[in-house]
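If you want the building blocks of each chain, they are given just below.
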2 protein chains.
Amino acid sequence: MKKIKVKAPATVSNVGSGFDIMGFAFDGAGDILELSLRDDEEIHISNQTTCSLPEMAADNVVFPALKAMQDQLKSRQGANISFIQKINPGSGIGSSAASSVAAVFAYNELQGRPFDPEELIVFAMEGEKMVSGAAHADNVAPCMLGGFTLIRSYKPLDIVKVPFPGDLFCTVVHPHISITTRESRAALKETTSLHDTVTQAGNAAGLITGLITGDFDLIGRSMVDVIAEPRRKKLIPGYDMVKKSAIDSGVIGVNISGSGPSVFALSTSTQTANKAGMLMQKKFLEHGLTCSVYISGIANKGVSIIQE
Amino acid sequence: MKKIKVKAPATVSNVGSGFDIMGFAFDGAGDILELSLRDDEEIHISNQTTCSLPEMAADNVVFPALKAMQDQLKSRQGANISFIQKINPGSGIGSSAASSVAAVFAYNELQGRPFDPEELIVFAMEGEKMVSGAAHADNVAPCMLGGFTLIRSYKPLDIVKVPFPGDLFCTVVHPHISITTRESRAALKETTSLHDTVTQAGNAAGLITGLITGDFDLIGRSMVDVIAEPRRKKLIPGYDMVKKSAIDSGVIGVNISGSGPSVFALSTSTQTANKAGMLMQKKFLEHGLTCSVYISGIANKGVSIIQE
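Bear in mind the structure is a predicted one, so any value in this text is a computation, not a measurement. (Residues numbered from 1 in each chain as written. Chains lettered and ligands numbered in written order. Predicted model: local features only at pLDDT ≥ 70, side-chain atom pairs only at ≥ 80, totals over all residues.)

1. A look at the overall build of chain A
Turning to step 1, where the next piece is worked out: The helix and strand inventory of chain A stands at 10 helices and 12 strands.
Turning to step 2, where the next piece is worked out: In terms of overall dimensions, chain A is globule-like: its C-alpha atoms have a radius of gyration of 19 Å, near the 19 Å expected for 308 residues.
Turning to step 3, where the next piece is worked out: For the C-alpha atoms alone, the extent of chain A along its principal axes is close to 55 × 40 × 35 Å.
Turning to step 4, where the next piece is worked out: Contacts spanning at least 24 positions in sequence make up 75% of the contacts within chain A whose residues lie at least 6 apart. (Helix = DSSP H or I, 4+ residues; strand = E, 2+ residues; numbered from the N terminus. Rg over C-alpha atoms; globule rule 2.2 N^0.38 Å. Contact = placed C-beta atoms within 7 Å.)

2. Points about the environment of Ala103(A)
All names here are of chain A.
Turning to step 1, where the next piece is worked out: Structurally, the position occupied by alanine 103 is in helix α2 (residues 95-110).
Turning to step 2, where the next piece is worked out: As a C-alpha pair, alanine 103 and phenylalanine 63 span 40 residues in sequence and 8.9 Å in three-dimensional space.
Turning to step 3, where the next piece is worked out: With residues up to four places along the chain from it excluded, the contact list for alanine 103 reads Leu33, Leu35, Val62, Ala65, Leu66 and Ile81.

3. Section: the relation of the copies chain B and chain A
Turning to step 1, where the next piece is worked out: Take chain B, turn it by 180 degrees, move it 0.0 Å along the axis, and it overlays chain A with an RMSD of 0.0 Å. This pairing of chains is accounted for by a two-fold axis.
Turning to step 2, where the next piece is worked out: When the interface residues of chain B are mapped onto chain A, 97% of them again lie at the interface, so the same face is used by both copies. (Least-squares fit on C-alpha atoms with pLDDT ≥ 70 in both.)

4. Quick word on the interface of chain B and chain A
Turning to step 1, where the next piece is worked out: Counting residues at the interface gives 35 residues for chain B and 35 residues for chain A.
Turning to step 2, where the next piece is worked out: For the side of chain B that touches chain A, the secondary structure elements donating two or more residues are β2 (18-37), β5 (148-153), β6 (158-162), β8 (191-193), α6 (194-213) and α7 (216-222) of chain B.
Turning to step 3, where the next piece is worked out: It is α6(B) that contributes the most residues to the side of chain B that touches chain A, 14 residues altogether.
Turning to step 4, where the next piece is worked out: Considered class by class, the residues forming the side of chain B that touches chain A number 17 nonpolar, 12 polar and 6 charged.
Turning to step 5, where the next piece is worked out: Bridging between strand β8 (residues 191-193) of chain A and β8(B) involves 3 bridges; their strand directions are antiparallel. The residue bridging Thr191(A) from the neighbouring strand is Ser193(B), located in β8(B). (Nonpolar A, V, L, I, M, F, W, Y, C, P; charged D, E, K, R; others polar. Pairing = 2+ DSSP bridges.)

5. Looking at the pairing of strand β10 (residues 263-267) of chain B
All names here are of chain B.
Turning to step 1, where the next piece is worked out: The buried fraction of β10 amounts to 5 of the 5 residues, a majority that puts the element mostly inside the structure.
Turning to step 2, where the next piece is worked out: Residues Val263, Ala265 and Ser267 point to one face of β10 and Phe264 and Leu266 to the other, with burial holding for every one of them.
Turning to step 3, where the next piece is worked out: Both strand β7 (residues 169-175) and β10 contribute to a ladder of 5 bridges, which runs antiparallel. Bridge pairing links valine 172 to phenylalanine 264 in β10.
Turning to step 4, where the next piece is worked out: Two strands pair when backbone bridges link them, and strand β9 (residues 253-256) and β10 are joined in this way by 4 bridges, in the antiparallel orientation. By the bridge assignment for β10, asparagine 255 is matched with phenylalanine 264. (Buried ≥ 20, exposed ≤ 12 C-beta atoms within 10 Å, placed from the backbone.)

6. Some remarks on the packing of helix α6 (residues 194-213) of chain A against α6(B)
Turning to step 1, where the next piece is worked out: Where α6(A) contacts α6(B), the two axes come as close as 8 Å, and the packing angle between them is 30 degrees. Classified by the angle between their axes, α6(A) and α6(B) sit roughly parallel to one another. Every pair of crossing elements has a handedness; the one defined by α6(A) and α6(B) is right-handed. Across the interface between the two elements, Thr197(A), Gln200(A), Ala201(A), Ala204(A), Ala205(A), Ile208(A), Thr209(A), Ile212(A) and Thr213(A) from α6(A) touch Thr197(B), Gln200(B), Ala201(B), Ala204(B), Ala205(B), Ile208(B), Thr209(B), Ile212(B) and Thr213(B) from α6(B). (Axes fitted to C-alpha atoms, helices over the stretch in contact; angles between N-to-C directions. Parallel < 35°, antiparallel > 145°, perpendicular 65-115°, else oblique. Left-handed = near helix turned anticlockwise from the far one by under 90°.)

7. Structural notes on the domain arrangement of chain A
Residue and element names in this part refer to chain A.
Turning to step 1, where the next piece is worked out: When the domains of chain A are assigned, the result is domain 1 (3-163 + 300-307) and domain 2 (169-297).
Turning to step 2, where the next piece is worked out: Domain 1 and domain 2 are separated by 23 Å when their C-alpha centres are compared.
Turning to step 3, where the next piece is worked out: At the interface, 27 residues of domain 1 touch 36 residues of domain 2.
Turning to step 4, where the next piece is worked out: Within the residue set of the side of domain 1 that touches domain 2, elements represented by two or more residues are β1 (3-14), β2 (18-37), α3 (117-132) and β5 (148-153).
Turning to step 5, where the next piece is worked out: A total of 7 residues in the side of domain 1 that touches domain 2 trace back to one element, the largest contributor, which is β2. (Domains from an automatic or database assignment.)

8. Some thoughts on the sheet that holds strand β7 (residues 169-175) of chain A
Residue and element names in this part refer to chain A.
Turning to step 1, where the next piece is worked out: Strand order in this open sheet of 4 strands is β9-β10-β7-β11, and the pairing throughout is antiparallel. Among the strands making up the open sheet, the edge pair consists of β9 (253-256) and β11 (291-297). Strand-to-strand twist of the sheet, defined as the mean angle between neighbouring strand axes without regard to direction, takes the value 15 degrees.
Turning to step 2, where the next piece is worked out: Each of β7, β10 (263-267) and β11 is contacted by helix α10 (residues 270-286), which is oriented at about 15 degrees to β7, the strand it contacts most.

9. A closer look at helix α3 (residues 117-132) of chain B
All names here are of chain B.
Turning to step 1, where the next piece is worked out: Across its 16 residues, α3 extends 23 Å between first and last C-alpha, which sits within 8% of the 22 Å expected from 1.5 Å per residue.
Turning to step 2, where the next piece is worked out: In α3, a bend of some 25 degrees at phenylalanine 123 exceeds every other bend along the element.
Turning to step 3, where the next piece is worked out: For α3, the full list of buried residues reads Leu120, Ile121, Phe123, Ala124, Met125, Glu126, Gly127, Glu128 and Val131.
Turning to step 4, where the next piece is worked out: Next to the buried residues of α3 lie α1 (62-73), α2 (95-110), α4 (140-145), β6 and α5 (181-186).
Turning to step 5, where the next piece is worked out: Immediately downstream of α3, the backbone of glycine 133 shows phi near 90 degrees, a positive value. (Expected span 1.5 Å × (residues − 1). Bend = angle between axes of the 7 residues up to and from the residue.)

10. Topic: the packing of helix α9 (residues 239-248) of chain B against helix α10 (residues 270-286) of chain B
Residue and element names in this part refer to chain B.
Turning to step 1, where the next piece is worked out: Contact geometry of α9 with α10 gives a least axis separation of 8 Å together with a crossing angle of 155 degrees. Here α9 lies roughly antiparallel to α10, going by the angle between them. Like other packed secondary-structure pairs, α9 and α10 cross with a definite hand, here right-handed. Between α9 and α10, the contacting residues are Met241, Val242, Ser245 and Ala246 on the first element and Ala276, Leu279, Met280, Lys283 and Phe284 on the second.
Turning to step 2, where the next piece is worked out: When the residues that make up the contact of α9 with α10 are grouped by side-chain class, the tally is 7 nonpolar, 1 polar and 1 charged.

11. Quick look at the nonpolar core
Turning to step 1, where the next piece is worked out: Val101(A) and Val101(B) are the most contacted members of the largest nonpolar core, which totals 196 residues.
Turning to step 2, where the next piece is worked out: Not counting residues within four places of it along the chain, the set of residues in contact with Val101(A) comprises Ala8(A), Ala124(A), Val140(A), Cys143(A), Met144(A) and Val303(A). (Core = buried A, V, L, I, M, F, W, Y, C linked by C-beta atoms within 7 Å.)

12. Details of unusual backbone geometry
Turning to step 1, where the next piece is worked out: Backbone torsion omega between Lys155(A) and Pro156(A) reads 0 degrees, so that peptide bond is classified as cis.
Turning to step 2, where the next piece is worked out: Tracing the backbone through its elements, the reader meets Pro156(A) in the loop between β5 and β6 (158-162).
Turning to step 3, where the next piece is worked out: The linkage connecting Gly260(B) with the following residue, Pro261(B), adopts the cis geometry, with an omega of 5 degrees.
Turning to step 4, where the next piece is worked out: Here Lys74(A), not a glycine, exhibits a phi torsion of approximately 50 degrees, which is positive.

13. Brief notes about the sheet that holds β10(B)
All names here are of chain B.
Turning to step 1, where the next piece is worked out: Strand order in the open sheet formed by 4 strands is β9-β10-β7-β11, and the pairing between neighbours is antiparallel. The outermost strands of the open sheet, each flanked by one partner alone, are β9 and β11 (291-297). The sheet shows a mean angle of 15 degrees between the axes of neighbouring strands, direction not considered.
Turning to step 2, where the next piece is worked out: Across the sheet, α10 lies against β7, β10 and β11, angled at about 15 degrees from β7, the strand it touches most.

14. Focus: the confidence of the model for chain A
Turning to step 1, where the next piece is worked out: Looking at chain A as a whole, its pLDDT mean stands at 95, while 100% of the residues score no less than 70.
Turning to step 2, where the next piece is worked out: Complex prediction metrics read pTM 0.95 and ipTM 0.94. (pLDDT = per-residue confidence, 0-100.)

15. What to know about the environment of Ser100(A)
All names here are of chain A.
Turning to step 1, where the next piece is worked out: Tracing the backbone shows serine 100 in helix α2.
Turning to step 2, where the next piece is worked out: With 36 C-beta atoms counted inside 10 Å, the residue serine 100 sits in the buried group.
Turning to step 3, where the next piece is worked out: Separated by 21 residues in sequence, serine 100 and isoleucine 121 place their C-alpha atoms 9.2 Å apart.
Turning to step 4, where the next piece is worked out: Among residues more than four places away in sequence, those in contact with serine 100 are Val61, Val62, Ala65, Ala124, Gly127, Glu128 and Val140.

Shown next as structure tokens:
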């Protein structure tokens, strides 16, 4: 039976001012899964990682993602999926997106590539819908395509790859508490003042300008989020101190990764990225939390085959 | 006595998705004024144009703008200001911004240039405060600096020049009704749904990406405004038909210029810009409104000296 092994990178969504619309892929973490097609219609999932995953296939994000794809293909061919490496669920670095993207990408390859990567995004978004109640694309898109992506519009879905400077490095610190996307969504207000809407759009536009023109200072100034950060940071013990420690170490900007609890920082050298990682970890420890720290460049490449 | 003549270009603010944060200057219209310093502290305004302007100097936008500048200079030296050419007030192409910018720029020149153009923006914004109740910069900034500008933030004021493709042309059609900025502000809602905030930020970020990367199709797709256009268009008779006629003629995007009633369109050739202008004018005429039509490129240059 044909078998394929793929790797899907971790992703940081929101990126400060791009709430629900921006994200980027980074090399430091990711999902690895092996997929083979079956002769029947069953989806069978096995877990070789240390993370706990839902035992029932139907409870895993890959299930609605593959189902949506099968609906389009008018096929019900089953698959064996084995998770070999898994981003910690609830870490805020695109764990569910990585699983969904890896699964639909691998399945698509073994089906003879009926869809382009861009077309696969909408299927993987069904996995996000399962975990958060809404089909977001801000992790799925960069995980699939690599680099920085902008969701210009959800209806119709319009995803734009945004050029970014090569010498941009990412620190992600994951304190070992888990916040579900649902909890994190519930912390948000349903309405925004006109003033905040203007502020958010200004910063999102500034972030894009900084990324494309390579203006690091502008990137930093634009990583201001008036929608999610003020409300979600309360779910992350010591957040303000952690943020301050990163800024003191010379990073260009810091914010919550996706729905948290991971906190990310961008910097222009690996030295600064490392230093920030150490200081942020230290601050979380002072608040009684151990952390995982990831340091890497922005991943130009999204999901990819590592073994056929 | 030293005398100077300056020209300040007309501007289109909002630009579809950049409500309160974006604007560009265009060559087709502008204010021309002559300014000379006085030996006393009086600000004297004379009007050589066909537009009606406030008779009292204190009621003109240049007054608070110059006052703010004088406060910084700790000087009260008066000036004679003569308007030679004036954008129609209430047209929605930055009439008040052009007056304020021209006045502070000219005064600054005759004072030996104590301020940079960037520093003058905050003074000119006082004129906007007089007419709209809020010190907006989305017309003032492009009028002062030329090209496309982004107001990344108001507090602190952070203005960014945004690169744009050279082959971009602008059609502005001004139907002869007047909408004050105050009326137009009153049409807006004070709060926005989270969904609309995300949509607006996505389009603002898309517009910037399109401008910097020269992706005309993306510029067009991103000229979507869910904040102001749906509410302000009701103040412009025939707006939907006018917009449709422009799109049918091949422009890349259409929207309300600033607070209206002017409607602008962007296109990639003067031919299309002209055609759109004719069709839009025709549609307004069908709704009983005569128009002024301006066709020009984006002005790289902001306010400038035309005679010393």
